[in-house]
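Listed below are the residues making up each chain.
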Amino acid sequence: MTTDEPFRKYTDEKTFSRIVNYETVTRMWKNCLEQYGDMNAVCYDGRHYTFRELEEDAADFRGALNDNGVQKGDRLGLLCSNSYDFVKALIAILTNGNSAVILPAHIDGTTVFGCSIKLEMKTIVVQDELEEKTDLATSKGVEIIRTSAKSNRPSDMCETRPDDECLLMFTGGTTGKSKASVLSNEAVMQGTTNGCYCIRNVFNQKYMLVIPLSHVFGLIRNLMTSLYTGSELFICRNNKDMFRDMASFRPTILVAVPALVELGLKLSKQLKRNMFGPDLKCIISGAATVSPYLISECSKIGISLYPGYGLTESANLVSGNPENITHPESVGYLFPNQEYRIVEGELWLKGKNMLTEYAGEPEENRLSFEDGWFKTGDLAHIDENGFLYITGRLKETIRLPTGESISPSELESKFNELSFIQDSQVFEDVDESSNHFLALEVYPRQNELEKISSEDKNAYLMEELEKINSSLPSFQRVSKITIRTTDFERSPSMKMKRYDR
């Protein structure tokens with residue numbers, strides 16, 4: 001069983017002793033109110049809400065839930081964009097003894113109704129602006145409660161057990177099929193607590209929220225860990241205003257996917273000023289591979305970029321890397337209260353942070369679990385010092401006609417070592433004669449290209465890419481290289497979408 005000992009030396013003893021696991025959201029929230037009551041918890045739309053004010057609004061909303069017949073243990077849908085309404089409603093639901101099914105704000109009404117049937121949601125809590133997405137569900141008998149609902153009798157918090165259901169969050173999992181991971185209170189709180197490790201000063205900070213709260217990275221590491229640590233969370237209304245908001249709010253910690261970090265660095269170089277703001281000291285990055293280039297470039301402007309690894313099924317955080325400079329390719333040490341195995345290259349996990357099951361998916365559960373171990377679908381290895389490395393996805397492995405297996409992510413990392421390559425994708429292609437071969441597409445960093453003195457920059461890029469290609473074992477070499485002029489297509493959480501070929 002992993003412990004927190006590897007992380008002890010990265011902070012002082014007083015701070016380290018404050019990192020405790022409360023096992024349920026209600027217990028954590030009561031502790032937050034006791035310690036941070038009059039401190040700011042959330043900043044949204046120009047207003048600062050203290051922890052006590054957030055609880056007053058949550059208590060009123062708990063009353064509204066109970067006025068509408070919600071019973072302890074009920075599963076409630078939560079359809080809401082990033083906003084104060086989301087935070088208030090989530091705290092109310094989870095401290096009312098209910099579980100929340102997090103419905104992404106971009107889904108359509110048919111999907112909302114389908115989720116209500118499959119996941120047995122009798123009630124959906126919906127932001128007023130998104131109410132039309134519940135029309136089909138309400139026509140079929142599903143109750144809705146608007147986030148603007150009020151009550152004349154605020155309700156007290158309800159005690160829950162560690163194994164009580166807490167969150168249902170959607171994931172593609174190892175097969176790409178969207179399904180709902182069931183996370184207990186214990187799992188959510190372990191994931192929340194894990195967010196406190198690696199950083200020297202984690203309490204009483206200022207966070208920015210730019211990741212969707214329907215994504216586990218945004219909900220657990222950004223929102224829940226911010227609340228846990230008595231920090232203030234600034235919620236961006238529009239990510240297009242992200243850097244302007246940073247200049248005014250001046251965050252100290254940012255949770256971001258690599259693509260957003262890349263954008264911030266690019267703008268900083270173009271405009272010749274630090275677009276992350278003068279007070280930002282730390283970026284927690286995950287949900288996609290973090291390149292050593294980003295770590296190095298952030299370090300040059302005084303920002304520590306910490307890569308990590310997590311899954312929706314693990315309440316987000318599995319590992320974090322406090323040794324980002326010395327081991328930039330690693331996703332760090334495993335967080336506490338986990339067990340791991342590596343079976344034929346695949347990482348298997350057990351632990352307090354792991355999902356209970358996929359809701360309503362008996363076949364997926366059969367395929368994903370073995371003797372209590374969750375099969376992550378990620379290819380990994382751990383070195384002699386305990387550093388975890390993720391080298392690709394099992395489902396993305398390319399089986400060549402020769403019988404060799406190729407991990408695209410592992411191969412891409414070789415080409416991404418070039419500072420002028422922002423992202424790349426290796427995939428299997430087919431020629432006119434139906435012969436299968438490996439192909440590579442790359443998207444260059446324009447600011448790094450400008451440093452190249454050669455008149456034909458594409459020819460120079462090709463030459464450098466071919467040097468790497470020729471150094472690879474013959475079965476790993478790509479037969480075709482394409483230099484893109486536009487970025488790869490990305491998901492709402494900014495992950496690169498892989499070709500389906």
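Everything below is about the structure shown above.
Notes on the structure in this doc start here. (Residues numbered from 1 in each chain as written. Predicted model: local features only at pLDDT ≥ 70, side-chain atom pairs only at ≥ 80, totals over all residues. Heavy atoms only, no water.)

**Things to note about the overall build of the chain**
Then step 1. Helix and strand counts for the chain stand at 15 helices and 26 strands.
Then step 2. The globule rule puts the C-alpha radius of gyration for 501 residues at 23 Å, and the 23 Å found for the chain is close to it.
Then step 3. Considered along the principal axes of its C-alpha atoms, the chain spans approximately 70 × 50 × 45 Å.
Then step 4. Residues classed as buried in the chain amount to 58% of the 501 residues present.
Then step 5. Excluding contacts between residues fewer than 6 apart, the proportion of contacts in the chain whose partners are at least 24 apart in sequence is 65%.
Then step 6. With the model as given, the accessible surface of the chain reaches about 21,500 Å², and the carbon-plus-sulfur share is 46%.
Then step 7. Taking the average location of the 56 positive side-chain charges in the chain and that of its 72 negative ones, the two points are 3 Å from each other. (Helix = DSSP H or I, 4+ residues; strand = E, 2+ residues; numbered from the N terminus. Rg over C-alpha atoms; globule rule 2.2 N^0.38 Å. Buried < 20%, exposed > 50% of the residue type's maximum accessible area, 1.4 Å probe, protein only. Contact = heavy atoms within 4.5 Å. Areas by Shrake-Rupley, 256 points an atom, 1.4 Å probe, with all protein chains shown as cover. Lys, Arg positive; Asp, Glu negative; His and termini not counted. Charge placed at Lys NZ, Arg CZ, Asp CG, Glu CD.)

**Quick word on the side chain of threonine 50**
Then step 1. Within the element layout of this structure, threonine 50 appears in strand β2 (residues 47-50).
Then step 2. Among the residues examined, threonine 50 registers a relative accessible area of 15% and is labelled buried.
Then step 3. Once you skip the residues sitting within four places of it in the chain, threonine 50 turns out to touch Gly37, Asp38, Met39, Asn40 and Ala41.

**A look at the pairing of strand β16 (residues 338-343)**
Then step 1. Sheet analysis places β16 next to strand β17 (residues 346-351), joined by six bridges and oriented antiparallel. When the sheet's bridge partners are listed, isoleucine 342 is paired in β17 with leucine 347. (Pairing = 2+ DSSP bridges.)

**A word on the environment of phenylalanine 217**
Then step 1. Summarising the element assignment, phenylalanine 217 is placed in helix α8 (residues 216-228).
Then step 2. Classification of phenylalanine 217 by relative accessible area gives buried; the value is 3%.
Then step 3. Taking C-alpha positions, phenylalanine 217 is 20 Å from alanine 380, a pair spaced 163 residues apart along the chain.

**Some thoughts on the packing of helix α2 (residues 25-36) against helix α3 (residues 51-67)**
Then step 1. Axis separation between α2 and α3 bottoms out at 9 Å; the angle between their running directions is 140°. Taken together, the axes of α2 and α3 lie oblique to each other. Residues Trp29, Cys32, Leu33 and Tyr36 of α2 touch α3, and the partners they reach there are Phe51, Arg52, Leu54 and Glu55.
Then step 2. Taken together, the residues that form the contact of α2 with α3 break down as six nonpolar, no polar and two charged. (Axes fitted to C-alpha atoms, helices over the stretch in contact; angles between N-to-C directions. Parallel < 35°, antiparallel > 145°, perpendicular 65-115°, else oblique. Nonpolar A, V, L, I, M, F, W, Y, C, P; charged D, E, K, R; others polar.)

**Quick word on the sheet that holds strand β3 (residues 75-79)**
Then step 1. Pairing is mixed across the open sheet formed by seven strands, whose spatial order is β6-β5-β3-β4-β7-β8-β18. Looking along the sheet, the strands with just one partner apiece sit at the ends: β6 (143-146) and β18 (357-358).
Then step 2. Alignment of strand β7 (residues 165-171) against strand β8 (residues 179-184), held across six bridges, turns out to be antiparallel. Bridged to methionine 169 within β8 is serine 181.

**Quick word on the packing of aromatic side chains**
Then step 1. Taken as a whole and judged by the stated rule, the model has 17 aromatic pairs.
Then step 2. Pairing tryptophan 29 with phenylalanine 51 gives two aromatic rings, centres 5.9 Å apart and planes at 35°, and the pair type is tilted. In this pair, tryptophan 29 is assigned in helix α2 and phenylalanine 51 in helix α3, connecting sequence segments 22 residues apart.
Then step 3. Residue classification places tryptophan 29 among the buried positions, given a relative accessible area of 0%.
Then step 4. Residue phenylalanine 51 is classed as buried on the basis of its relative accessible area, which comes to 0%. (Phe/Tyr/Trp six-rings, centres within 6.5 Å; stacked < 30°, edge-to-face > 60°.)

Note that all results are geometric; they support no functional claim without further evidence.
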